[in-house]
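Summary of structural features
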Amino acid sequence: MAVPSQSAASSFLSRPATTVLPPTDTTPSFILGSSHKSYKHQYSNIYFIRLRLLKETVVKNAERRWKNLAEKPTLVPRVLEVTKGKLCYIVGTVYMDMPLKPNVLEDLARDNTIPPPPPVPKFYSSDDHTMLEDESGRIQLVGERLKSARLVTGVIIGALGMETPNGEFEVVDICSANFAPQGSVDSGTDEMSVDSSASDPWVGVISGLEVGSEASSDARIQMLIEYLTAESGLAEDQVPASQISRLIIAGDSFGPINIPGRGDGTPQVEDRKARRNAQDAAAFSPHPIYNLSGHLLDIGRTIPVHILPGETDPSGAILPQQPLPRAMFGEVSKSPSFVCESNPTYIRLAPGIIEENNLSEKESSARTLLVHSGQPLNDIFKYLPNRHNSRLAILESTLKWRHLAPTAPDTLWCHPYVAEDPFIINNTPDIYVVGGQRRFGTKLVESEDEMKRKIRCRIVMVPNFARTGVLALINLRTLEVKCVNFGVQGMTGGGGVLEDVKVKAPVPTQVVMEPLSSEQQMGGSPGPM
């Protein structure tokens, strides 16, 4: 159902309206129907489906990439049919053999009286091995080319090389599916306009409100509400609240629950009894839900809100996380402009208020947003060394791989799909938003698809709001990005100030809402983010 945005409460302010368009075949829904809610199937089906759907595209790219080589390499249809000493290329699924990865067989064999070791921050080590597999088997990849390649489990690639006397495949070049096609957008100009118009709709994105956490972020949330409802002052170059058409909350709206005795391996008897009798008020307090519902009601009265579940939210742990129950949000759940989304989700927005029977007329001007709460990116980051693998570069790689979460289901829990892999990116989105990050980052990716059509995608990493106070704003017409940082002098609750934000020295208790530069390009820079 199309959901038009609401106008601002003030009579002299009017928000640019946007309408949510229904999903298409290339932007599927991640809602699990009754036919999908089965766990009796093997997870290997996902890998087979992924390889079958992406192999043809990778083979075509490999043919174009290597057809002019003097050796005239040929495609070997199965990885175990390669010939020693003959240049060829093979296509399959990457598998990373990493000693530091969690092993379910070791977990089952472990003595239950001994607490498990804490999870490691990185799976990467010098003892890792790269494999390429298909339905016939698995072959180990070697060579200097792998050191500069960004590979994780589940990626479909083509590898050019030859088999060595040791039975390994020495790789000299690699290709992937590359960018998927992108729907045409009637933006009125081929190049991004630096100057935004007063009538341009902006979308606000936050992540990590962490309501109910030990370090309260209530002060920042209240300043956010006052800004979105136009009750606070504006900086000179700040986006007016009347131009923000929607707010997206990308996960982690609730703080993590810290149950006494968990994690130290020696819980106290009293703690266990209290939890058994549901008497631990600190761990099971309903007040965070009430507080978040009140905040959402204040915002939802003036602006449409889309909320995604995250890692710390009361939702299923496996991807795709299903929408949070509307009933838990009280009064705001009665508003048609309040939408509980899945994680991940596609959101298609078109400018203006559009009637149901005229939705097709605005297809060319619609923007497609792909949003998730950060779990796939955080898991991929564990596979790679820090050097030359920034998080922005990884997100760009997921677009080239045409897969949102390649490490699922190996180290990232997901639903056991049988006949489909919904995480495949069939169309490159216009805006790619990822929440749950440590720092803000953005990059405008420009490329061409296999038909030489231009592709432009704005990647935005949204940091934890409770710790940084950052609201990201995205212009739907120009894809320009700005940030607003909420904070007060001396604020310590919820963490520190975002590293890249230079905050002016305010007078005591003064609110600081200072926009970042409209372009903060971080792509390709070495080091972690």
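Residues numbered from 1 in each chain as written. Predicted model: local features only at pLDDT ≥ 70, side-chain atom pairs only at ≥ 80, totals over all residues. Heavy atoms only, no water.

**Considering the packing of aromatic side chains**
Counted under the stated rule, the structure contains eight aromatic pairs. When the ring of Tyr 417 is compared with that of Phe 423, the centres are 6.4 Å apart and the planes differ by 85 degrees; the resulting orientation is edge-to-face. Neither residue differs from the other here; Tyr 417 and Phe 423 are each classed as buried. Cluster of aromatic residues (ring-pair linked, three or more members): Phe 30, Tyr 346, Tyr 417 and Phe 423. It is Arg 391 that lies over the ring of Phe 381; its NZ or CZ is 4.2 Å from the centre. (Phe/Tyr/Trp six-rings, centres within 6.5 Å; stacked < 30°, edge-to-face > 60°. Buried < 20%, exposed > 50% of the residue type's maximum accessible area, 1.4 Å probe, protein only. Lys NZ or Arg CZ within 6 Å of the ring centre and 35° of its normal.)

**A word on a nonpolar patch on the surface**
Among the surface-exposed residues, Val 104, Leu 105 and Leu 108 lie close enough to one another that they form a single nonpolar patch of about 360 Å² accessible area. Assignment of secondary structure puts Leu 108 in helix α2 (residues 104-109). A relative accessible area of 68% places Leu 108 in the exposed class. (Patch = residues over 30% accessible without salt bridge, like charges linked within 9 Å, V, L, I, M, F, W, Y side chains within 5 Å. Areas by Shrake-Rupley, 256 points an atom, 1.4 Å probe, with all protein chains shown as cover. Salt bridge = Lys/Arg side-chain N within 4 Å of Asp/Glu carboxyl O. Helix = DSSP H or I, 4+ residues; strand = E, 2+ residues; numbered from the N terminus.)

**Points about the confidence of the model for the protein**
For the protein, mean pLDDT is 82; residues scoring 70 or higher make up 79% of the total. Looking at the elements of the protein, mean pLDDT is at its lowest for strand β19 (residues 511-515), recorded as 40, and at its highest for strand β10 (residues 305-308), recorded as 98. For the stretch residues 1-12, pLDDT sits under 50, and the model shows 35 contacts to residues farther than four places along the chain or on other chains. Throughout residues 186-193 the model reports pLDDT below 50, and contacts reaching past four residues in sequence, or to other chains, amount to 16 contacts. (pLDDT = per-residue confidence, 0-100. Contact = heavy atoms within 4.5 Å.)

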